[in-house]
Amino acid sequence: MLRRQDVGHRVVVRRIVGVSQDRPLFTDALGELVELTETDLTLATPKGTLRVPLNEIHRAKRVPAARRPPAADVVALELAANEAWPAPTQATLGSWILRAAGNWTGRANSALPIGDPDRTLEAAIDAVEQWYAAHGQRAMINTPMPLAAPVNAALDARGWTARPLTLVQTTRVTTMLEATTARPDLPTVELADTPTDAWYAMVADHKGGLPPTGRRIITGVREAVFASVLNPDGAPIAVARGVITGPDRWLGLSLIQTAPTARRRGLAAHVMRAIGQWALQQQAPRTYLQVEERNAAAVALYQKLTFQTHHTYLTREAP
């Protein structure tokens, strides 16, 4: 049977799905183990998230990992992503990064446990809890998997919960552009060095508010562009943000939003294409984005634009 140490690893689960002629019927599921509780387990599979009650499992075991990027590549991309979403308050715990931004977004308010925290794992988690308590916030940790599988296991033992699985997806900018076509039937994408008030307003509607710390995060990267598609009245109907960070000059795409009345017209791909063209001019060869695995519509769009999952992470929350 699986143990907490297996969280973050690739596993196969054989479950009982029925009985025929007094013989049990089985089905197998293969995926990444993202959660294990006393009653069930959760797999991230190519077809989506699968939750399996433990009493339905006949057999389960860890299997060799599918081809994964080297740990150094995961660390490099996570550091570039951290630069792309800069929390106004940051500290270090050995190589771990502690981030706080008044609870606006999980990424800016969670520890990033990469590298050596310069103490035992249990002591590191204690220090994370104390740091967030001193900042008046609930402690959270983002755990890139399987890199942070030991951290996940330790957090399970402490009763930390998990938010939905997030996919970190990547592709080459040129490949993304080849997967899209110019759309002269759509309004021109306007690119700006700074967001307009209308751009901010659309983001605020989507995020449920936009405090000053949020604006600092959004505008906190030197190489940035803010895309908008406007309706005839001048109001934005699609927006997105692109930034370039890290020594490898990664293009980070975020805040890709379309107004509900303008969806299914290709506007999201339209703004992503415009930002991709800008990135090529800035000599940024590769791009990434972060999307919740349960957001099926967005995942399907990004797949069409040639994005593939580089790695995943869970945002863990202290009890």
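Because the structure is predicted, anything quoted here is derived from the model rather than measured.

*Asks:* When you look at unusual backbone geometry in this model, what are you seeing that I'm missing?
*Replies:* The bulk of non-glycine residues show a negative phi, and the bulk of peptide bonds are trans. A cis amide bond links Met-145 with the next residue in sequence, Pro-146, at an omega value of -5°. Within the secondary structure, Pro-146 is located in the loop between strand S8 (140-145) and helix H3 (149-157). The phi angle at Asn-103 is positive, at roughly 70°, despite the residue not being glycine. Within the fold, Asn-103 resides in the loop between strand S7 (96-100) and helix H2 (121-134). Unlike most non-glycine residues, Thr-306 shows phi in positive territory, near 75°. With respect to the element layout, Thr-306 can be found in the loop between helix H8 (296-304) and strand S16 (308-317). By relative accessible area, Thr-306 is classed as partly exposed at 28%.

*Asks:* Just to check I follow, could you spell out the packing of aromatic side chains for this structure?
*Replies:* The geometry of an aromatic ring pair comes down to the distance between the two centres and the angle between the two planes. Evaluation of the coordinates by the stated rule reveals 6 aromatic pairs. A ring pair is formed by Trp-199 and Tyr-200, whose centres lie 6.1 Å apart and whose planes are at 80°; its orientation type is edge-to-face. As far as the burial class goes, Trp-199 and Tyr-200 line up, both buried. Where Tyr-302 meets Phe-307, the ring centres are 6.0 Å apart and the plane angle is 65°; that geometry is what we call edge-to-face. Each member of the pair, Tyr-302 as well as Phe-307, is classed as buried. Positioned over the ring face of Phe-26 is Arg-14, at 5.8 Å from the centre of the ring. The side chain of Arg-107 reaches across the aromatic face of Trp-85, ending 4.3 Å from its centre.

*Asks:* Is there a simple way to think about the pattern of salt bridges in this case?
*Replies:* Pairing between side chains becomes possible if they bear opposite charge and their charged atoms approach one another. A full pass over the atoms with the stated rule returns 15 salt bridges. With a closest N to O distance of 3.6 Å, Glu-35 and Arg-51 form a salt bridge. Remark: Arg-51 occurs in strand S4 (residues 48-53) and Glu-35 occurs in strand S2 (residues 23-36); sequence separation between them is 16 residues. On the accessibility criterion, Glu-35 (24% relative accessible area) is partly exposed. Across the pair Glu-317 and Arg-163 runs a salt bridge, and its minimum N-O distance is 3.1 Å. Taken together, the positions of Glu-317 in strand S16 and Arg-163 in the loop between strand S9 (161-162) and strand S10 (166-172) put the pair 154 residues apart, joining distant regions of the chain. Residue Glu-317 is classed as buried on the basis of its relative accessible area of 14%. Each member of the salt-bridge network shares a partner with another, and the members are Glu-122, Asp-126, Glu-129 and Arg-158.

*Asks:* Is there a simple way to think about helix H7 (residues 267-281) in this case?
*Replies:* The end-to-end C-alpha separation of H7 is 22 Å, in line with the 21 Å expected for 15 residues at 1.5 Å each. Residues Leu-267, Ala-268, Ala-269, His-270, Val-271, Met-272, Arg-273, Ala-274, Ile-275, Gly-276, Trp-278 and Ala-279 constitute the buried set of H7. Count one or two residues on from H7 and you reach Gln-283, which has phi positive near 60°.

*Asks:* When you look at the sheet that holds strand S5 (residues 57-62) in this model, what are you seeing that I'm missing?
*Replies:* Hydrogen bonds between backbone atoms are what pair the strands of a sheet, whose relative direction is either parallel or antiparallel. With antiparallel pairing, the 5 strands of this open sheet are ordered in space as S4-S3-S2-S1-S5. Strands with a single pairing partner mark the edges of an open sheet, and in this sheet they are S4 and S5. Taking the axes of each pair of neighbouring strands and ignoring which way they run, one obtains an average angle of 35° across the sheet. With 6 bridges connecting them, strand S3 (residues 40-45) and S4 associate as antiparallel partners. Residue pairing for S4: Thr-45 is matched across the bridge by Gly-48.

Conventions and cut-offs
Residues numbered from 1 in each chain as written. Predicted model: local features only at pLDDT ≥ 70, side-chain atom pairs only at ≥ 80, totals over all residues. Heavy atoms only, no water. Helix = DSSP H or I, 4+ residues; strand = E, 2+ residues; numbered from the N terminus. Buried < 20%, exposed > 50% of the residue type's maximum accessible area, 1.4 Å probe, protein only. Phe/Tyr/Trp six-rings, centres within 6.5 Å; stacked < 30°, edge-to-face > 60°. Lys NZ or Arg CZ within 6 Å of the ring centre and 35° of its normal. Salt bridge = Lys/Arg side-chain N within 4 Å of Asp/Glu carboxyl O. Expected span 1.5 Å × (residues − 1). Pairing = 2+ DSSP bridges. Axes fitted to C-alpha atoms, helices over the stretch in contact; angles between N-to-C directions.

Taken by themselves, the reported measurements are silent on function.
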